[in-house]
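Structural overview
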Amino acid sequence: DNGSATARAVVFNPLWPISQVPLSKPAGQLWVYSFFFEAPDTHQLAKRMTARLSSKIDLTMTFHPGSDIFRPYQAMLPLTSD
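What this report covers is the structure whose coordinates are included nearby. (Residues numbered from 1 in each chain as written. Predicted model: local features only at pLDDT ≥ 70, side-chain atom pairs only at ≥ 80, totals over all residues. Heavy atoms only, no water.)

In terms of residue burial, strand β2 (residues 30–34) counts as a mostly covered element, since 4 of its 5 residues are buried. One ladder, built from 3 bridges, connects β2 with strand β3 (residues 59–62); its direction is parallel. Among the inter-strand pairings, Y33 is bridged to a residue of β3, identified as T60. (Buried < 20%, exposed > 50% of the residue type's maximum accessible area, 1.4 Å probe, protein only. Helix = DSSP H or I, 4+ residues; strand = E, 2+ residues; numbered from the N terminus. Pairing = 2+ DSSP bridges.)

Structure representation (structure tokens):
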């Protein structure tokens, strides 16, 4: 048991084995789709997971500023002189 049945939110990475995805989503639970590369529907390894989860996802978490949860790889900061 990975605790997903009682968690308030579950974060999925589409590159994880599809067998790890619960068959049902408990009422009130949030499902978050977290992806670190290009759009998951174009990534060969993520297509099955994307298709299986697309109707159940509440939030997205990616490097794209348009995601529900913005998770940038890095930030460009100006140099400061000391």
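After that view of the structure, there is still more to cover.
Read across the open sheet, the 4 strands follow the order β1-β2-β3-β4; overall the sheet is parallel. The sheet terminates laterally at β1 (9–12) and β4 (69–70), the two strands that pair on one side only. Bridging between β3 and β4 involves 2 bridges; their strand directions are parallel. Counterpart to M61 in the pairing with β4 is I69.

So, on to the pattern of salt bridges. Two side chains carrying opposite charge are able to pair once their charged atoms lie near each other. For the structure shown, the criterion picks out 1 salt bridge. Put simply, K25 and D58 hold a salt bridge, and the shortest N to O gap is 2.6 Å. Taken as a pair, K25 in the loop between β1 and β2 and D58 in the loop between α1 (47–53) and β3 lie far apart in primary sequence, 33 residues in all. (Salt bridge = Lys/Arg side-chain N within 4 Å of Asp/Glu carboxyl O.)

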